[in-house]
Amino acid sequence: MQVPDTPFIVEPRLLAAGGNMFIYGKQETWKSWIALDLAFAVSTGSKWLGVYETKKSPVLVLQTEQTEYLYRERVVEFTRHLNGSKPVDNLKLATDLSISLDNPFGLGLLEAAIIEHRPALLILDNLYHTLEKLASEDNAQRFIKGVGALQQKYNTAFCIVTHPRKDTVEELSQVLPEDIESLFGSAKFLWWADTVIRVSKSASDVFDLNLVFKKAKNAKYPNQSIGLRAYTDPVRLALR
């Protein structure tokens, strides 16, 4: 076995080389912005969210929700607060609104992208749009087996952003915050995950966010929850 120089891309032992991490929460909880901050942090070797140390590594973001033009607007808006201080040579961004990762064809496209760009970290935003049936155990198993094979073959870590499976207000009101099996759609994702982070808004202010570690199986010590403040002009995230 060739042991990597740095076994963990995000510390303290949150995301291993070839491992996986999930960021999940309801709509409009800034999950995609948090994932974008992770992309810039790892690609430059800076602290993620100003807290978590990272290993400078190539990053590929695969975005499956917005059109390319709208996602470009989001990235440009995010970079305004950086004032040109973070180069993006180590960061690639791609949009594909039709890719399915629970079948061999879509997984083949993803593998081709990994071969071309050789990312140490691939951020998938988001899971919901890459499965034909999120709650199907068979589809979940095909996704996990396919992506797991890519993790092992190329030592690529995955960060996966996902929405709750239950997407109406009435359904969500019936889901307890700790019921992450329901939020993931299939319990298989929870079993597979190394680290699971839930993002929620504070009841007192829509721009106050809470990040809670629901799972961090490789961490030696419990990870404390953190509070973030989201700003819109320019877009940025800061500790509160």
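Residues numbered from 1 in each chain as written. Predicted model: local features only at pLDDT ≥ 70, side-chain atom pairs only at ≥ 80, totals over all residues. Heavy atoms only, no water.

What to know about the packing of helix H3 (residues 104-117) against helix H4 (residues 137-154)
Each packed pair of helices is defined by two parameters, the angle between the axes and the distance between the axes. Rules: Between N-to-C directions, angles span 0 to 180 degrees; the directions come from axes that are lines fitted to C-alpha atoms, helices contributing only their stretch in contact. Strands here are runs of E lasting at least two residues and helices are runs of H or I lasting at least four, both read from the DSSP assignment and numbered beginning at the N terminus. Reported orientations rely on four angle classes, namely roughly parallel under 35 degrees, roughly antiparallel over 145, roughly perpendicular from 65 to 115, and oblique for the rest. Here a crossing is called left-handed whenever its near helix is offset anticlockwise from the far helix by less than a right angle, and right-handed whenever the offset is clockwise. Residues are treated as being in contact if the distance between any of their heavy atoms lies within 4.5 Å. Each residue is assigned to one of three groups, with Ala, Val, Leu, Ile, Met, Phe, Trp, Tyr, Cys and Pro labelled nonpolar, Asp, Glu, Lys and Arg labelled charged, and all others, Gly among them, labelled polar.
Axis separation between H3 and H4 bottoms out at 11 Å; the angle between their running directions is 20°. One finds that H3 runs roughly parallel with respect to H4. Crossing handedness for the pair H3 and H4: right-handed. Contacts between H3 and H4 involve Leu107, Leu110, Glu111, Ile114 and Ile115 on the former and, on the latter, Arg142, Gly146, Val147, Leu150, Lys153 and Tyr154. Split by residue class, the contact of H3 with H4 holds seven nonpolar, one polar and three charged.

Some points on the side chain of Ser136
Convention followed: Buried means the residue's accessible area, taken with a 1.4 Å probe over protein chains only, is under 20% of the maximum for its type, while exposed means over 50%, and partly exposed covers the values in between. By the criterion applied in these results, polar contacts are pairs of N or O atoms within 3.5 Å in which, for protein atoms, one can donate a hydrogen and the other can accept it, and in which residues neighboring in sequence qualify only through two side-chain atoms.
Its location among the elements puts Ser136 in the loop between strand S6 (121-125) and H4. Owing to a relative accessible area of 17%, Ser136 belongs among the buried residues under this scheme. A distance of 3.3 Å separates the side chain of Ser136 from the backbone nitrogen of Asp138, its partner in a polar contact. Polar side-chain contacts of Ser136 include one of 2.7 Å to the side chain of Asn139.

Here we look at the sheet that holds strand S8 (residues 195-201)
As a reminder, the rule being used: Paired strands are those between which DSSP finds at least two bridges.
The mixed open sheet is built from nine strands, whose spatial order is S5-S4-S6-S7-S3-S8-S9-S10-S11. Both edges of this open sheet fall to strand S5 (91-95) and strand S11 (235-239), since each of them pairs with a single strand only. Neighbour-to-neighbour, the strand axes of this sheet turn through a mean angle of 20°, independent of strand direction. Across the sheet, H3 touches strand S4 (59-63), S5, S6 and strand S7 (157-162), and the angle it forms with S4 is around 150°.

Details of the pattern of salt bridges
Our working rule: One side-chain nitrogen of Lys or Arg within 4 Å of one carboxyl oxygen of Asp or Glu is enough to make a salt bridge.
All chains considered together, the criterion is met by nine salt bridges. For Lys47, the salt bridge goes to Glu53, with nearest N and O atoms at 3.6 Å. With relative accessibility at 41%, the residue Glu53 sits in the partly exposed group. Of the charged contacts in the structure, one is a salt bridge between Asp208 and Arg229, with a shortest N-O distance of 2.9 Å. Highlighted residues: Asp208 in strand S9 (residues 208-216) and Arg229 in strand S10 (residues 226-232), separated in sequence by 21 residues.

Some remarks on the nonpolar core
Which entries qualify depends on this criterion: Take the buried residues of types Ala, Val, Leu, Ile, Met, Phe, Trp, Tyr and Cys, join any two whose side-chain atoms come within 4.5 Å, and each joined set is a nonpolar core.
Membership of the largest hydrophobic core comes to 42 residues, with the highest contact counts inside it found for Val10, Ile34, Leu38, Trp48, Leu121 and Ile123. Once residues lying within four places of it in the same chain are set aside, the contact partners of Leu121 are Leu15, Leu38, Val42, Pro58, Val59, Leu60, Thr156, Ala157, Phe158 and Cys159. Core analysis: the second largest hydrophobic core is formed by 27 residues, Leu101, Phe158, Ile160 and Leu190 among them.

Quick look at H3
This is how the line gets drawn: Helices are assigned an expected span. That span is 1.5 Å times one less than the residue count.
If you check H3, its first and last C-alpha atoms are 20 Å apart, about what 14 residues at 1.5 Å a residue would give, namely 20 Å. Of the surrounding secondary structure, the elements contacted by the buried residues of H3 are S4, S6, H4 and S7. Capping of H3 at its N-terminal end is provided by Asn103; its side-chain oxygen lies 3.0 Å from the backbone amide nitrogen of Phe105.

Section: unusual backbone geometry
In the segment running from Asp125 into Asn126, the intervening peptide bond is cis, with an omega of 20°. Tracing the sequence through the fold places Asn126 in the loop between S6 and H4. Omega for the bond connecting Asp233 with Pro234 falls within 30 degrees of zero, at -5°, which places this linkage in the cis form. Summarising the element assignment, Pro234 is placed in the loop between S10 and S11. Even without glycine at this site, Leu49 takes up a positive phi of about 60°. Topologically, Leu49 is positioned in the loop between helix H1 (31-44) and S4. Notably, Asn155 is not glycine yet its phi reads approximately 55°, a positive angle. Along the chain, Asn155 falls in the loop between H4 and S7.

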